[in-house]
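# Close look at the chain arrangement
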Amino acid sequence: MVCSGLEISLAEAKKKEKSPRFLAGLKNRREKRHSRSMSGSLAFDRNTELIETFRTQMQISEAMDALIRRKLVRLASGKSFGQIDVAQIALGLLNGTMKSEFQNEKSYIQWKNRQANILEELLSAEQSVGTLLAKIRNFEEWDIKMSPSECRDVLFSIRNVALTLSSMPGNLGIQGETYYWSAGYPFHIRLYQKLLLGVFDILEDGRLIEEADEILKLIKSTWPLLGITQKLHDVLYGWVLFQQFVGTEEAMLLDYAVRKVRNILSPEDVGKKETKYLESLVCCTRRNGSEIRLNLVQSILWSISLWCDNKLLDYHWHFRQKPRLFKGVLSMALVAGNQKFGASGNMELMLDASDEIIASKVRMYVETSAEAACKRVTGAINAGSKVDKKHPLALLASELKSIAEKQLTVYHPVLRHWCAEAGVVSALKLHRFYGERLEPFLKNISCLSEDVKQVLAAAILLENYLLELHSSEPVENGMHSPLMLDFERKIGEIARPIILDWVIAQHARILEWTGRAADLENWEPLSHQQKQAASAVEVFRIIEETVDQFFELRLPVDITHLQALLSIIFHTLDAYLQKVVNQLVDKHNLYPPAPPLTRYKETAFPSAKKKLVESVVLDNAVNKKLDALTTSKLCVRMNTLQYMQKKISTLEDGIRESWSAVRLLKDQTCPDVDPRWTSNGILEMCSESVDELFVATFDCIRDSAADAIRKTCELVGARVVFWDLREPFIFNLYHGGVEGARLETTLPQFDRVLNNVCALIDDTLRDIVVKSIFKASLEGYAWVLLDGGPSCAFSDFDVVMMEDDLNILKDLFVAEGEGLPRSLVEEEARFAHQILSLFSLRAESVIQLLMTSSEHSSIGLEAHKYGHRHLGDAHTLIRVLCHKKEREASKFLKLHYHLPASSVYDEAATEDASVKSPLMADLIKRSASFRWSDKGSSSFRSFKKKIQEATSDFRHVGW
């Protein structure tokens with residue numbers, strides 16, 4: 001700067017605040033920069049600031065800076081030399097410099113020797129200089145023995161040599177060229193690089209200081225001195241930026257370096273002389289074991305290219321932790337690496353490489369890196385297999401999948417800009433590598449072992465990623481290579497039959513577990529919140545486990561496999577439901593037998609010491625079943641069946657979703673596959689056929705479960721009424737007289753039973769179970785009215801109380817609006833009300849109805865069956881007459897049916913005597929054969945018509 005005419009200040013002219021630490025000024029520089037006043041000469045102050053910044057960046061102490069400034073100002077004021085050069089600067093600095101000007105002797109010796117080394121390198125052409133420089137290096141001789149005049153003489157002698165050389169013309173005739181441009185270029189280049197490093201923040205090596213551009217302008221003043229041209233500056237600055245990037249891995253520096261290298265290779269006009277000058281700066285390096293000579297530009301680009309190639313030839317490894325640098329390094333490699341070597345070993349720069357050449361180079365990176373990655377993961381497979389207990393091929397597929405995934409998501413988006421088929425190249429490379437190792441394994445598969453499942457699933461998953469990578473860019477005709485379907489085709493051919501065998505093998509296992517779970521079931525709820533039995537939970541756990549295993553195979557499956565899986569589910573659930581249903585008993589087994597028919601007689605009830613109706617004598621097997629079918633256990637059964645209904649829907653939805661996912665995965669991984677490559681039908685299916693399979697399987701199971709719920713629910717009602725409440729309700733209601741055996745005595749037991757049932761049953765089933773109990777209660781009530789036996793007889797006054805009792809029973813189940821709906825209760829109780837209406841009729845009316853019913857009855861009709869009783873049938877009407885406290889009814893039954901009086905009822909009568917005896921059939925025959933007189937017939941027909949009108953709304957209503 002001094003020699004270029006730029007003004008600088010000496011250290012003494014500007015006192016600066018001392019910092020306790022060397023870097024204090026740098027740390028505070030950013031904070032102080034914007035607060036400084038720009039008074040006075042802006043250029044002078046700005047130069048002063050930049051020089052101070054650069055001094056700090058170069059880590060030069062203030063004392064050394066002051067010394068150098070004084071020496072340079074004195075050197076610039078001299079008139080004895082012409083053009084300045086580095087040798088003269090070094091001599092000027094040595095002239096008159098004494099040890100006392102340095103802080104210590106060591107610093108002085110190091111500085112002095114450095115100047116001598118510079119002179120030795122620049123003046124090495126003159127042998128005499130070596131002896132003189134030896135004196136300078138010798139501390140004892142130079143600083144102790146030699147006088148100042150002798151030292152000046154040595155420096156003068158060296159100066160004469162330097163002037164002689166500097167006066168020699170340049171080799172190429174470039175304006176401002178000196179001898180040292182070519183002869184001293186190695187030192188000049190190193191010195192210039194050192195200056196360029198000053199633009200990097202010494203506190204953060206990966207950042208440029210804010211004054212970088214201004215510093216570079218100042219450094220440009222050294223170009224004539226050091227032989228730097230614009231082209232050479234771009235080369236060196238790009239090289240420095242690149243080296244700094246290598247050390248810091250700061251992507252911004254790499255971007256700057258790429259721009260500089262592009263400037264180097266841009267086809268701008270460069271003079272022939274400058275071109276020759278750049279070519280004359282020769283470096284030696286080695287390639288393939290031989291030494292080659294390159295010019296400086298070629299050498300730098302060659303070095304950059306070698307580094308980039310080293311990283312890119314295995315980019316999967318080198319950029320695994322910092323993939324963000326991949327694009328910049330690849331850009332640099334493609335910019336700087338376009339060189340070719342001739343047969344003689346000479347390198348030529350290719351400034352305008354064609355797209356084909358660039359694509360070829362990128363393809364080479366992809367292939368080589370994929371190959372390196374494959375070899376690397378293979379080396380670690382055996383050790384990893386022992387630790388993870390996985391088959392080596394499964395581990396290898398998993399590792400290759402990771403490589404393919406990284407290639408697709410990280411590297412391919414960058415590579416595709418220079419090589420569109422990079423994804424295809426990588427996919428094919430990985431495919432071939434794994435295929436060569438998979439082929440022998442496939443030939444030895446005979447069953448779906450754990451190893452086979454692992455390997456085939458991993459291979460399919462790898463193939464899916466490879467297909468996606470292969471399809472990442474459009475290829476010719478939009479078609480996929482048949483090679484890329486090789487895994488899937490071969491695996492499909494091998495896997496389909498063994499998968500089917502595996503599914504079929506699960507059938508026996510699941511049925512065994514299901515049977516065992518059902519046999520061990522004690523029908524207790526899992527908890528207060530989970531009211532279902534454990535066996536159903538276990539059955540669905542086994543089924544879901546099998547379904548998960550099926551879909552987790554991740555192997556090629558088709559509709560045949562789905563059909564086999566659904567068949568297993570159907571048979572498993574159907575077998576469980578059959579076991580549950582077969583454990584039930586017919587509810588009619590709980591009904592008491594109808595007592596013998598008698599006619600009412602006033603003396604029929606002198607006392608009632610014994611039961612008038614025998615208990616049901618059940619078969620041992622039925623009785624054993626019934627012991628296990630308590631009301632609480634029946635409730636748990638219903639909860640379990642309801643739980644199955646919910647789980648069936650959940651299971652169906654899950655299987656449908658998994659199946660759709662399998663189909664979706666196939667569509668996504670290979671959307672444009674040529675049909676001729678899948679003619680064997682991997683995942684080929686008809687959606688309608690699949691829907692039919694689901695409907696046939698799950699709707700049938702739902703119907704079976706619903707039927708089981710219905711049967712169990714009916715049994716709950718019959719059990720509660722005809723078994724649990726048999727004594728207080730069936731046998732004691734109205735026993736010996738209505739007024740003394742009203743329904744209100746039974747209500748607390750009804751209420752307790754209902755509370756227990758509601759506590760046990762699932763909320764979703766509460767209404768239908770309560771309805772079943774209500775229907776059974778009405779059926780039991782009708783049994784008391786019609787089959788109560790000789791101890792039950794009702795007068796007109798009794799009918800009023802019985803109507804009240806029926807209303808009380810209805811109110812119990814309505815429960816003030818919290819129970820069954822009132823409309824439902826009224827509808828169900830309709831038949832009971834109609835029976836009471838028959839009791840309110842006169843005996844003559846009932847007799848006429850009996851005659852009319854008998855005319856339409858089949859000869860030989862036996863006693864009614866529960867659940868099929870009608871209001872107007874002969875059985876109902878005869879029983880009404882049998883239980884009426886009316887002489888006309890008793891007289892009619894005695895005259896026409898020869899029924900015994902209730903007073904002669906034999907307590908030891910055989911079970912169900914009225915149902916099976918010839919007497920009942922005979923009664924029906926007699927009813928049909930009655931004849932009335934014309935007068936009587938006419939009057940009765942008139943009465944009959946009125947009765948029919950009055951009872952038309954409830955005639956033929958089924959129970």
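Rules used in this analysis
Residues numbered from 1 in each chain as written. Predicted model: local features only at pLDDT ≥ 70, side-chain atom pairs only at ≥ 80, totals over all residues. Heavy atoms only, no water. Helix = DSSP H or I, 4+ residues; strand = E, 2+ residues; numbered from the N terminus. Buried < 20%, exposed > 50% of the residue type's maximum accessible area, 1.4 Å probe, protein only. Contact = heavy atoms within 4.5 Å. Salt bridge = Lys/Arg side-chain N within 4 Å of Asp/Glu carboxyl O. Expected span 1.5 Å × (residues − 1). Phe/Tyr/Trp six-rings, centres within 6.5 Å; stacked < 30°, edge-to-face > 60°. Lys NZ or Arg CZ within 6 Å of the ring centre and 35° of its normal. Core = buried A, V, L, I, M, F, W, Y, C linked by side-chain atoms within 4.5 Å. Arc of directions from axis to C-beta. Axes fitted to C-alpha atoms, helices over the stretch in contact; angles between N-to-C directions. Parallel < 35°, antiparallel > 145°, perpendicular 65-115°, else oblique. Left-handed = near helix turned anticlockwise from the far one by under 90°. Nonpolar A, V, L, I, M, F, W, Y, C, P; charged D, E, K, R; others polar. pLDDT = per-residue confidence, 0-100.

### Topic: the overall build of the chain
A count of helical and extended segments in the chain gives 40 helices and four strands. For the chain, the proportion of its 959 residues judged to be buried stands at 48%. Here the analysis covers contacts within the chain between residues at least 6 apart in sequence; of these, 78% occur between residues at least 24 apart.

### Observations concerning unusual backbone geometry
Excluding glycine, most residues fall at negative phi; most peptide bonds, likewise, are trans. In this structure, Ala 815 takes a positive phi of about 55° despite not being glycine. With respect to the helices and strands, the residue Ala 815 is situated in the loop between helix 32 (796-814) and helix 33 (822-828).

### Regarding the pattern of salt bridges
In the structure shown here, the tally under the stated rule is 41 salt bridges. In this structure, Glu 204 and Arg 207 form a salt bridge, with 3.6 Å as the shortest nitrogen-oxygen distance. The class of Glu 204 is partly exposed, set by a relative accessible area of 37%. Arg 207 sits in the partly exposed class, given a relative accessible area of 39%.

### Re helix 3 (residues 62-77)
Helix length check: helix 3, at 16 residues, gives a terminal C-alpha distance of 23 Å against a target of 22 Å (1.5 Å per residue), a fit within 8%. Those residues of helix 3 not exposed but buried are Asp 65, Ala 66, Leu 67, Arg 69, Lys 71 and Leu 75.

### Here's the deal with the packing of aromatic side chains
Aromatic ring pairs are described here by two measures, namely the spacing of the ring centres and the angle between the planes. On inspection of all chains with the given rule, the structure shows 23 aromatic pairs. Each ring, one from Phe 326 and one from Tyr 411, has its centre 4.9 Å from the other, and the planes form 70°; the classification is edge-to-face. In this pair, Phe 326 sits in helix 18 (residues 326-336) while Tyr 411 sits in helix 20 (residues 392-415), placing the two residues 85 residues apart along the sequence. Among the residues examined, Phe 326 registers a relative accessible area of 1% and is labelled buried. Cluster of aromatic residues (ring-pair linked, three or more members): Trp 239, Phe 242, Phe 245 and Trp 307. Positioned above the aromatic ring of Trp 317, the side-chain terminus of Arg 320 is 3.6 Å from the ring centre. For Arg 437, the ring lying beneath its charged end belongs to Phe 433, and the centroid distance is 3.7 Å.

### Quick look at the environment of Ser 837
For Ser 837, the position within the fold is in helix 34 (residues 830-840). Between the C-alpha atoms of Ser 837 and Val 799, which are 38 residues apart in sequence, the distance is 8.3 Å.

### Brief notes about the nonpolar core
Counting 163 residues, the largest nonpolar core has Leu 400, Tyr 434, Ile 569, Ile 655, Tyr 781, Leu 785 and Phe 813 as its most contacted members. In terms of residue count, the dominant contributor to this core is helix 28 (residues 687-724) (15 residues). Look past the residues within four positions of Leu 785 in its chain and what remains in contact with it is Tyr 734, Phe 794, Met 802, Ile 835, Leu 836, Phe 839 and His 883. With 106 residues, the next largest nonpolar core counts Leu 75, Ile 219, Phe 245 and Phe 319 among its residues.

### Examining helix 14 (residues 251-265)
Compared with the 21 Å implied by 1.5 Å per residue over 15 residues, the 21 Å span of helix 14 between its first and last C-alpha is a close match. Those residues of helix 14 not exposed but buried are Leu 253, Leu 254, Ala 257, Val 258, Val 261, Ile 264 and Leu 265. Looking down the long axis of helix 14, one finds its buried residues gathered within 140° of arc, a one-sided arrangement.

### A word on the packing of helix 20 against helix 22 (residues 450-470)
At a closest axis distance of 8 Å, the pairing of helix 20 and helix 22 adopts a crossing angle of 15°. Taken as axis vectors, helix 20 and helix 22 run roughly parallel relative to one another. Once helix 20 is placed against helix 22, the crossing between them reads as left-handed. Here Leu 393, Ala 394, Ala 397, Leu 400, Lys 401, Ala 404, Glu 405, Gln 407 and Leu 408 of helix 20 lie close against helix 22, whose contacting residues are Gln 454, Val 455, Ala 458, Ala 459, Leu 461, Leu 462, Tyr 465, Leu 466, Glu 468 and Leu 469. Each residue belonging to the contact of helix 20 with helix 22 can be placed in one class, and the counts come to 14 nonpolar, two polar and three charged.

### Description of the environment of Gly 788
Along the chain, Gly 788 turns up in the loop between helix 31 (766-787) and helix 32. With 193 residues separating them along the chain, Gly 788 and Pro 595 place their C-alpha atoms 7.4 Å apart.

### Topic: the environment of Val 738
Residue position: Val 738 is located in the loop between helix 29 (726-731) and helix 30 (747-760). A sequence separation of 60 residues divides Val 738 from Asp 798, and the C-alpha atoms of the two residues are 6.1 Å apart. With near-sequence residues (within four places) excluded, Val 738 lies in contact with Phe 794, Asp 798, Met 801 and Met 802.

### Here's the deal with the packing of helix 36 (residues 874-882) against helix 37 (residues 887-897)
At their nearest, the axes of helix 36 and helix 37 sit 8 Å apart, and the two run at 125° to each other. Our classification of the angle between helix 36 and helix 37 gives oblique. On helix 37, the residues that touch Ile 878, Leu 881 and Cys 882 of helix 36 are Ala 889, Phe 892, Leu 893 and Tyr 897. When the residues that make up the contact of helix 36 with helix 37 are grouped by side-chain class, the tally is seven nonpolar, no polar and no charged.

### Some details on the confidence of the model for the chain
Per-residue pLDDT for the chain averages 81, and the proportion of residues at 70 or more is 79%. Confidence drops under a pLDDT of 50 for residues 604-613, and excluding neighbours within four residues, the segment shows 23 contacts in the predicted structure. Predicted confidence is poor over residues 669-685, with pLDDT under 50, and the contacts of this stretch with residues over four places away or in other chains come to 35 contacts.

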